[in-house]
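# Results of the structural survey
Now for the letters of each chain:
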Amino acid sequence: MAELQVNFAGVNFRNPLVLASATPGWDGLRLKKAGEAGFGAVIPKTIGPIQDWAVHPRNGRLFLYRVGNRPVGMINLELFTTKTREEWIARDLALAREGGAKIFASILAMPEPEQTAELASQVEATGLVDLFELNVSCPMPASTVGMHIGKNPELTYRQVKAAKGAIKLPLSVKLTPNVADMVEIAQAAVEAGVDAITISNSIRSFAGVDIETGRPYLRGYGGYTGPAIKPIIMRHFSEVARAVKVPLSAVGGVSSWREVVEYIMLGATTVQIATTIMWEGLGKVQKILDGLSEFMDRKGYRTIEDFRGIALPYIKTVEELAQEPPRFATIDQERCNNCDICSRVCFYGAIRQEEGRTWADKASCDGCGLCVQWCPVGAIELKE
Ligand SMILES: Cc1cc2nc3c(=O)[nH]c(=O)nc-3n(C[C@H](O)[C@H](O)[C@H](O)COP(=O)(O)O)c2cc1C
């Protein structure tokens, strides 16, 4: 029977699945319900300053991005908690704890590191949280907070150092994907003494234009989340995983147990989820945990550690890959149904239909592999 328990930065979670900081954790009651639904840990909406724009209710801030009819992502202008720091401290954190999940408190890196330290120690003093996540990565704010701190290694270093100096509980820093190289930021955080890293926050984006009215769907730049962002976050995640030794929490594009397994195979100790919970509800939590357990049983993995990071050694540079022997499309004539999709997607002209059969010409094939993935009957393989 699979054992899902993990130790993340010294804290034992009953399983690796974490509710990411977002709408489903906007108050203590929702967090309690999320805990009861089975999450290993829950993260409240980022606690920060109450500004005049951060009030409840707001004026339209979420946009569902569809390809055809299918939602593939979501853009939000949500910003931070609409509850005051005092409300969290007096009531909501205690309520959240009743759900049985660990409380992973998200705090905003404030414009000055001393303010961050003060916020962290106030929240720690409640005795109601188990660890911290420092948000240096919100993609919306104009200039002084969020990704404006997190895109700069020096500012990130100062914020982590200040927060670490003020608290005894473990600290993770949540990084921004809106940088060319996340590794240098992660290394600065490690130098400042961070205990773990969360990768990552949402991608700064623009929702598009309603062509009937000529107006933007959302009149500002928001954070892109959900299934579509997974390849981008996995790039940053795996680059950091290969460069630092601290435990990592993955977040971005999880829609089933499969992505949880993928992130663990890339080195994650815990995996967070937000958009899918907003779309499918808390019933999804147990489905993901059941899928993860069944997968582990099927593969003979007893603990998460048995397969954590196993994919990392296989990641190569394109220069290294170019040294490997070429492989060519080869079509299994028994399986091929002559649907012709492969020749349509082959821009090398390597696949032809002649005399009622489809065949691949090794001399023209570039070995790109696109035909293999489009073939509806699994009839094509790349072979040396
Ligand atoms: C509506 C919404 C609000 C969010 N609010 C916060 C927040 O307050 N603090 C934070 O660190 N991340 C916030 N996030 C980012 C999520 O924690 C997460 O990093 C992101 O959604 C990617 O994960 P997903 O693809 O599973 O949604 C928010 C995301 C969404 C969708």
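Here, the structure is the one placed above.
Notes on the structure in this doc start here. These numbers were taken from a predicted model, which means no experiment stands behind them.

The grouping of Phe206, Val209 and Tyr221 at the surface amounts to a nonpolar patch, some 300 Å² of accessible area in total. Tracing the backbone through its elements, the reader meets phenylalanine 206 in the loop between β11 (203–205) and β12 (209–210).

Attention now moves to the pattern of salt bridges. Within this structure, the stated rule accounts for 15 salt bridges. A salt bridge links arginine 352 to aspartate 361; the nearest nitrogen and oxygen atoms lie 3.1 Å apart. Each of the salt bridges in this network shares a partner with another, and the network as a whole consists of Lys83, Glu87, Arg91 and Asp92.

Glancing now at the sheet that holds strand β6 (residues 70–76). If you trace the four strands from one edge of the open sheet to the other, you get β5-β6-β14-β11, paired in antiparallel fashion. Of all strands in the sheet, those with a lone pairing partner are β5 (62–67) and β11, marking the two edges. Between one strand and the next, the sheet's axes are offset by a mean angle of 40°, whatever the strand orientation. Pairing between β5 and β6: six bridges, direction antiparallel. Across the sheet, the residue bridging to tyrosine 65 is glycine 73, located in β6.

The rules behind each value
Residues numbered from 1 in each chain as written. Predicted model: local features only at pLDDT ≥ 70, side-chain atom pairs only at ≥ 80, totals over all residues. Heavy atoms only, no water. Patch = residues over 30% accessible without salt bridge, like charges linked within 9 Å, V, L, I, M, F, W, Y side chains within 5 Å. Areas by Shrake-Rupley, 256 points an atom, 1.4 Å probe, with all protein chains shown as cover. Salt bridge = Lys/Arg side-chain N within 4 Å of Asp/Glu carboxyl O. Helix = DSSP H or I, 4+ residues; strand = E, 2+ residues; numbered from the N terminus. Pairing = 2+ DSSP bridges. Axes fitted to C-alpha atoms, helices over the stretch in contact; angles between N-to-C directions.

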